[in-house]
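# Analysis of the macromolecular model
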Amino acid sequence: MKKKALLLGCLMMALALTGCAGSGESTTYIMSDVQEGDHPTAIACDRFAEMVYKETNGRINIEVYHGDTLGSEVEQMKQVTVGGIDFARVSGPLSSYEEKMKVFQSLYLFETEDKMWEALNGPVGEELLNSPNFLKNNVVGLCWFSGGSRNYYNNQKEITSPADLAGLKLRVNTDPMIKQVEMNNGTPLNIAYNDIYSSIKGGVIDGAENNWPSYMSTGHYEVAKYITLDKHSCIPEMIIASKSALDGMSQEDQEIVKRCAKEISEWQIEAFHEYDEEAIEKAKEAGCVVTELTDDQMKAFREQGQQINQEVNGQFSDMMHQLTGE
């Protein structure tokens, strides 16, 4: 009840304060991000707000609410579509409004994360940011954020080949990953993110998969010591804006907001990469077994991933080719 009351209060405040930014007066907008603390995404959102405030000489004041203060990512994006929240940093819910975003759930799609950024910083990335399906839902994509590379981890054994997934109960939540675990005689289970730690500790599951910030910040490394750097997926994130909020700004301020978003995107991507490097060292110091795969071992994962992508995500073949150039 407290969360709902706080959410309602924040949204009422946003509606009361949002007005015409062209008058020279300060206008306050609400931004949400489910990450918090020293997570590079949380820091980037705060920096974005600071940049916009400075560049507009205080005309645009963005208040950032972290964690689940304004609800889950799904709830936050829904509020953007109705103008209840003005800006948000989101990931998973994007595919509910633009199905093509599911292509990033494909396995081993890019050889490196740099390859993904080459594609997203080009015409294909701009096309997705400006998707008509977003626009018709009052959503404008401002920039891309890194969601990092995702890896398998567990408390039973080292994974050096797809066959090593056999016998493991793993928390996974996309169709390609479910297929991969199943075809290697493992058991896929879709457990709520906040329940992963207790489920591993209690023996309900043996492990899960995620990026480095999630593995470390949630304490999963404490109960699942084996992590394999297979980098099976890189799912990018976005800063999105409510179209109605942008339309209420002067053209000058709209351009400033968009420029600041592009600039903070570059910072966040680099900060995420640095976080990953530091996290790997911290995990090793904590006694985790960090498995870096050889070229031959990665080849086995990639070949299986290509097969799964055609079976599960075949409808996105054209988009895969556009992104990878293959």
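### Here we look at the packing of helix 2 (residues 40–55) against helix 13 (residues 251–285)
- Relative to each other, helix 2 and helix 13 sit at 150°, their axes nearing to 9 Å. By the angle class used here, helix 2 and helix 13 are roughly antiparallel. The crossing of helix 2 and helix 13 is right-handed. On helix 13, the residues that touch Pro40, Thr41, Ile43, Ala44, Arg47, Phe48, Met51, Val52 and Glu55 of helix 2 are Ile256, Val257, Arg259, Cys260, Ala261, Glu263, Ile264, Trp267, Gln268, Ala271, Phe272 and Tyr275.
- Here the residues of the contact of helix 2 with helix 13 are counted per class, giving 15 nonpolar, two polar and four charged.

### What about the sheet that holds strand 9 (residues 226–234)?
- Spatial strand order, 7-6-8-5-9-11: six strands in an open sheet with mixed pairing. Here the strands that pair on one side only, and so sit at the sheet edges, are strand 7 (187–189) and strand 11 (289–291). Averaged over all neighbouring strand pairs, the angle between strand axes comes to 30°, with direction disregarded.
- Sheet analysis places strand 6 (residues 169–171) next to strand 7, joined by three bridges and oriented parallel. From the neighbouring strand, Lys169 faces strand 7, where its bridge partner is Thr187.

### Side note on helix 2
- Along its 16 residues, helix 2 runs 22 Å from first to last C-alpha, staying within 8% of the 22 Å computed at 1.5 Å per residue.
- Turning to helix 2, its buried residues are Pro40, Thr41, Ala42, Ala44, Cys45, Phe48, Ala49 and Val52.
- After helix 2 finishes, the residue Asn57 shows a positive phi value of roughly 55°.

### A look at the side chain of Asn313
- Examined against the element boundaries, Asn313 turns out to sit in the loop between helix 14 (295–312) and helix 15 (317–324).
- Taking relative accessible area as the criterion, Asn313 reaches 5% and is therefore assigned buried.
- Setting aside its immediate chain neighbours within four residues, Asn313 contacts Lys102, Val103, Gln105, Ser106, Pro176, Ile308 and Met320.

### Observations concerning the side chain of Thr56
- Among the structural elements, Thr56 can be located in the loop between helix 2 and strand 2 (60–66).
- Ignoring any residue separated from it by four or fewer positions in sequence, one finds Thr56 in contact with Asp253 and Ile256.

### Description of the environment of Phe104
- Within the element layout of this structure, Phe104 appears in the loop between helix 4 (94–97) and helix 5 (113–120).
- Phe104 sits in the buried class, given a relative accessible area of 1%.
- A C-alpha to C-alpha distance of 12 Å links Phe104 and Gln322, two positions 218 residues apart in sequence.
- Each residue touching Phe104, except ones within four places of it in the same chain, is listed here: Phe110, Met116, Leu120, Leu128, Ser233, Cys234, Ile235, Pro236 and Leu323.

### Focus on the nonpolar core
- Grouped together as the largest cluster of nonpolar side chains are 32 residues, with contacts concentrated most on Phe104, Ile240 and Leu323.
- Looking at this core, the elements that each hand over two or more residues are helix 3 (73–81), strand 3 (87–90), helix 5, helix 6 (123–129), strand 4 (139–145), strand 10 (237–242) and helix 15.
- When residues in this core are grouped by element, the largest group, four residues, is from helix 5.
- Every residue in contact with Leu323, bar those within four places of it in the chain, is listed here: Val103, Phe104, Leu109, Phe110, Ala119, Leu120 and Val124.
- Counting residues in each nonpolar core, the second largest holds 25 residues, with Val52, Met249, Cys260 and Ile264 among its members.

### Quick notes on the packing of helix 8 (residues 175–183) against helix 14
- Two elements in contact, helix 8 and helix 14, have axes whose closest approach is 10 Å; the angle formed by their N-to-C orientations is 120°. One way to sum up the angle between helix 8 and helix 14 is to call them oblique. Here helix 8 runs over helix 14; the crossing is right-handed. On helix 14, the residues touching Asp175, Pro176, Lys179, Gln180 and Met183 of helix 8 are Phe301, Gln304, Gln307, Ile308, Glu311 and Val312.
- Partitioned by chemical class, the residues of the contact of helix 8 with helix 14 number five nonpolar, three polar and three charged.

### Description of the sheet that holds strand 1 (residues 27–33)
- A sheet is described by the order of its strands in space; here five strands give the open sequence 2-1-3-10-4, paired in mixed fashion. Only two strands of the sheet have a single neighbouring strand rather than two, namely strand 2 and strand 4. Strand-to-strand twist across the sheet, computed as the mean angle between neighbouring axes with direction ignored, equals 20°.
- Across six bridges, strand 4 lies against strand 10 in antiparallel orientation. Bridge pairing in strand 10 places Cys143 opposite Ile239.
- On the sheet, helix 2 packs against strand 1, strand 2, strand 3, strand 4 and strand 10 and is oriented at approximately 165° with respect to strand 2.

Scoring rules and cut-offs
All residue numbers refer to positions counted from 1 along the written sequence of the respective chain. At least 70 in pLDDT is required for a residue's local features to be given in this predicted model, at least 80 for side-chain atom pairs to be given and counted, and no such filter applies to totals for whole chains, interfaces and linings, which use all residues. Excluded from the side-chain calculation are hydrogens and water; included are all heavy atoms of the structure. Lines fitted to C-alpha atoms define the axes, with helix axes restricted to the stretch in contact, and inter-axis angles between N-to-C directions lie between 0 and 180 degrees. To qualify as a helix, a DSSP run of H or I must reach at least 4 residues; to qualify as a strand, a run of E must reach at least 2; elements of each kind are numbered from the N terminus. These descriptions rest on fixed angle ranges, namely under 35 degrees for roughly parallel, over 145 for roughly antiparallel, 65 to 115 for roughly perpendicular, and the rest for oblique. A crossing counts as left-handed when the near helix is turned anticlockwise from the far one by less than a right angle, and as right-handed when that turn is clockwise. We call two residues in contact when some of their heavy atoms are within 4.5 Å. Residues are grouped as follows: Ala, Val, Leu, Ile, Met, Phe, Trp, Tyr, Cys and Pro are nonpolar; Asp, Glu, Lys and Arg are charged; all remaining types, including Gly, are polar. Any two strands are treated as partners once DSSP identifies two or more bridges connecting them. By this rule the span expected of a helix is its residue count minus one, scaled by 1.5 Å. Only protein chains enter the accessibility calculation, which uses a 1.4 Å probe. A residue is then buried if its area is under 20% of the maximum for its type, exposed if over 50%, and partly exposed in between. Working definition of a nonpolar core: buried Ala, Val, Leu, Ile, Met, Phe, Trp, Tyr and Cys residues. They are joined through side-chain atoms within 4.5 Å.

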